[in-house]
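# Survey of secondary and tertiary structure
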Amino acid sequence: MRSGPEVLVFPAYLNNAFLNLLQLSAAADGFRITGAHTFDDLVSDASRLGRGDVLHLHWTTPIAQQALSEKDARSRVATLSRTLDSLRARGAKLVWTVHNRLPHELTFRELEIELIRIIAASADAIHIMAPHTPAAMSDVVSLDPRKIRHIPHPSYEGVYDTSVTRAEARSSFDLADDDTAVLFLGQIRPYKGVDALANAAAEADRRRGGDIVLMLAGAVKEMPRAEFRASLPAGLRSVTHLDFVDDADIARWFRSADVACFPYRAILNSGSVHLAATFHVPVILPRDPGLVSQFGSQKWVAFFDPTDPEASIADLLAADPFADVGPDDFEGFLAEITPWDVAREYSGLLRSLSA
């Protein structure tokens with residue numbers, strides 16, 4: 001027997017903290033949260049949705065970009081279009097969360113753009129997390145302002161163990177009190193610019209007299225792990241864990257860090273920024289106009305020049321722009337994006353669609 005409206009989430013990554021946080025209030029409010037993991041699951045499971053139910057699409061990569069051929073990708077786009085038409089004809093609703101401007105690794109670019117335009121046209125609500133999203137997407141798709149719902153990315157307060165102290169965490173990595181630990185945590189992929197960060201850290205280390213330690217934690221994608229490790233600058237002290245970081249160990253890395261740097265070559269939203277803020281770790285980001293408008297007022301954020309990332313990041317690390325940043329500087333930002341508050345906003349969106 002149905003206990004309440006169903007919300008079918010795709011792709012449903014079981015260990016994704018963002019999805020779990022977003023759905024907290026909706027589950028408590030009686031929505032049945034279910035998940036589709038593959039494209040075939042999505043098409044099959046969407047067929048049972050009816051009036052009052054909601055399909056929530058997140059990342060689009062598994063639809064066209066994981067196809068075996070261009071012919072297969074084209075067939076998938078056409079199948080999804082028919083699926084969405086049928087879904088809406090049965091009275092179910094569609095929510096699309098815009099995570100990226102386009103998938104970071106594109107095999108079938110034109111088909112991806114066609115797919116995004118189909119989703120945008122079919123959606124009853126387009127969930128954006130950054131205010132500059134419509135402008136950033138404008139050359140790909142025009143987002144109908146009547147459909148846009150701005151619900152920010154939540155912080156990660158209460159998600160990860162925070163009992164480990166800074167002293168304990170740094171001791172576990174053999175960091176001295178006067179070491180400056182520069183952290184990158186997340187999948188290491190070409191678009192994330194970790195190579196530029198490593199070279200910048202080496203240059204800043206030379207200028208500062210050898211106190212920088214580069215901390216890299218995350219699985220290496222699109223290149224062999226040994227090749228990436230060998231690419232790190234000789235002489236630069238580094239602490240690496242080139243594999244998935246268990247949730248129970250996240251706090252140890254952030255508690256150890258003096259600054260987190262995310263030298264992305266392309267970015268729309270980044271949960272890593274919110275994760276760093278949750279642990280009161282200052283952040284270095286690319287000077288993208290949208291990011292500056294979103295984070296420019298935050299004392300704990302500095303921006304590098306994306307046209308010359310190595311030199312610009314090196315200048316920031318050498319100058320130590322966060323010397324007078326303290327825990328209180330994060331509180332105003334975090335107070336507005338608590339997980340429960342964001343989850344309640346999302347549940348309110350679902351209630352408005354399923355009524």
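Presented here is an overview of the structure given in this document. These numbers come from a predicted model, not from an experiment. (Residues numbered from 1 in each chain as written. Predicted model: local features only at pLDDT ≥ 70, side-chain atom pairs only at ≥ 80, totals over all residues. Heavy atoms only, no water.)

So, about the overall build of the chain. If you tally the helices and strands in the chain, you get 16 helices and 12 strands. Scaling as 2.2 N^0.38, a compact globule of 355 residues should have a C-alpha radius of gyration of about 20 Å, and the chain matches this with 21 Å. The dimensions of the chain, computed from C-alpha atoms along their principal axes, are 65 × 40 × 35 Å. Across the 355 residues that make up the chain, the buried fraction comes to 55%. In the chain, once contacts between residues fewer than 6 apart in sequence are set aside, the share between residues at least 24 apart is 74%. Counting only carbon and sulfur atoms, one obtains 49% of the accessible surface of the chain, whose full area is about 15,600 Å². Looking at the chain, you have 35 positive and 47 negative side-chain charges, and the mean spots of the two groups are 8 Å apart. (Helix = DSSP H or I, 4+ residues; strand = E, 2+ residues; numbered from the N terminus. Rg over C-alpha atoms; globule rule 2.2 N^0.38 Å. Buried < 20%, exposed > 50% of the residue type's maximum accessible area, 1.4 Å probe, protein only. Contact = heavy atoms within 4.5 Å. Areas by Shrake-Rupley, 256 points an atom, 1.4 Å probe, with all protein chains shown as cover. Lys, Arg positive; Asp, Glu negative; His and termini not counted. Charge placed at Lys NZ, Arg CZ, Asp CG, Glu CD.)

By size, the foremost hydrophobic cluster in this structure holds 89 residues, and its most contacted members are Met-215, Trp-253, Phe-254, Phe-262, Leu-285, Trp-300 and Leu-317. Top element by residues in this core is helix 9 (residues 194-208). It accounts for seven residues. If sequence neighbours within four positions are ignored, Trp-253 has contacts with Phe-173, Leu-183, Leu-185, Met-215, Leu-216, Ala-217, Val-239, Thr-240, His-241 and Val-245. Grouped together as the second largest cluster of nonpolar side chains are 39 residues, Ala-36, Ala-92, Ile-118 and Ala-120 included. (Core = buried A, V, L, I, M, F, W, Y, C linked by side-chain atoms within 4.5 Å.)

Strand order in the open sheet formed by six strands is 9-8-7-10-11-12, with parallel pairing between adjacent strands. At either end of the open sheet lies a strand with only one pairing partner, and these are strand 9 (238-241) and strand 12 (301-304). For this sheet, the mean angle separating the axes of adjacent strands, direction not counted, is 25 degrees. Pairing geometry for strand 7 (residues 180-185) and strand 10 (residues 259-261), over two bridges, is parallel. (Pairing = 2+ DSSP bridges. Axes fitted to C-alpha atoms, helices over the stretch in contact; angles between N-to-C directions.)

If you trace the backbone, Leu-94 turns up in strand 4 (residues 93-97). On the basis of relative accessibility, which here comes to 0%, the residue Leu-94 falls in the buried class. In contact with Leu-94, other than residues within four places in its own chain, are Leu-55, Leu-57, Leu-84, Leu-87, Ile-119, Ser-122, Ala-123, Asp-124 and Ala-125.

So, about the packing of helix 12 (residues 271-278) against helix 15 (residues 328-335). One can describe the packing of helix 12 onto helix 15 by two numbers: an axis separation of 9 Å at closest approach and a directional angle of 130 degrees. In terms of axis orientation, helix 12 runs oblique to helix 15. Judged by the sense of rotation from one axis to the other, the crossing of helix 12 with helix 15 is left-handed. Here His-274, Ala-277 and Thr-278 of helix 12 lie close against helix 15, whose contacting residues are Phe-330, Phe-333 and Leu-334. Per-class residue counts for the contact of helix 12 with helix 15 are four nonpolar, two polar and no charged. (Parallel < 35°, antiparallel > 145°, perpendicular 65-115°, else oblique. Left-handed = near helix turned anticlockwise from the far one by under 90°. Nonpolar A, V, L, I, M, F, W, Y, C, P; charged D, E, K, R; others polar.)

On to the sheet that holds strand 4. Read from one edge of the open sheet, six strands run 2-1-3-4-5-6, paired in parallel fashion. The open sheet has two free edges, formed respectively by strand 2 (32-35) and strand 6 (148-150), since each of these has just one partner strand. Going from strand to strand, the sheet's axes swing by 25 degrees on average, the running direction of each strand aside. In this structure, strand 4 lies alongside strand 5 (residues 125-128), joined through three bridges in parallel fashion. Residue pairing for strand 5: Val-95 is matched across the bridge by Ala-125. Of the strands in this sheet, strand 1 (6-10), strand 2 and strand 3 (54-57) are in contact with helix 3 (residues 39-46), which crosses strand 1 at around 160 degrees.

Here the focus is the pairing of strand 7. Within a regular beta strand, the side chains point alternately toward one face of the sheet and then the other, so they alternate between its two faces. In terms of residue burial, strand 7 counts as a mostly covered element, since six of its six residues are buried. Alternating positions in strand 7 separate into two faces, Thr-180, Val-182 and Phe-184 on one and Ala-181, Leu-183 and Leu-185 on the other, with burial throughout. Here strand 7 pairs with strand 8 (residues 212-217) via six bridges, running parallel. Across the sheet, the residue bridging to Thr-180 is Ile-212, located in strand 8.

Topologically, His-127 is positioned in strand 5. Beyond its immediate chain neighbours, meaning those up to four positions away, His-127 contacts Val-95, Trp-96, Thr-97, Val-98, Arg-149 and Ile-151.

Examined against the element boundaries, Arg-208 turns out to sit in helix 9. Residues Arg-208 and Asp-320, 112 residues apart in the sequence, show an inter-C-alpha distance of 10.0 Å. Excluding residues that lie within four positions of it along the chain, Arg-208 makes contacts with Thr-180, Leu-317, Ala-318 and Asp-320. Only 3.1 Å separates the side chain of Arg-208 from the side chain of Thr-180, close enough to count as a polar contact. (Polar contact = N/O pair within 3.5 Å; in protein donor to acceptor, adjacent residues only side chain to side chain.)

Throughout the structure, instances matching the rule amount to 11 aromatic pairs. Aromatic side chains Phe-173 and Trp-253 sit 4.6 Å apart centroid to centroid with 50 degrees between the ring planes, which places their arrangement in the tilted category. In this pair, Phe-173 is assigned in the loop between helix 8 (166-172) and strand 7 and Trp-253 in helix 11 (residues 250-256), connecting sequence segments 80 residues apart. Pair check on accessibility: Phe-173 and Trp-253 agree, each one buried. (Phe/Tyr/Trp six-rings, centres within 6.5 Å; stacked < 30°, edge-to-face > 60°.)

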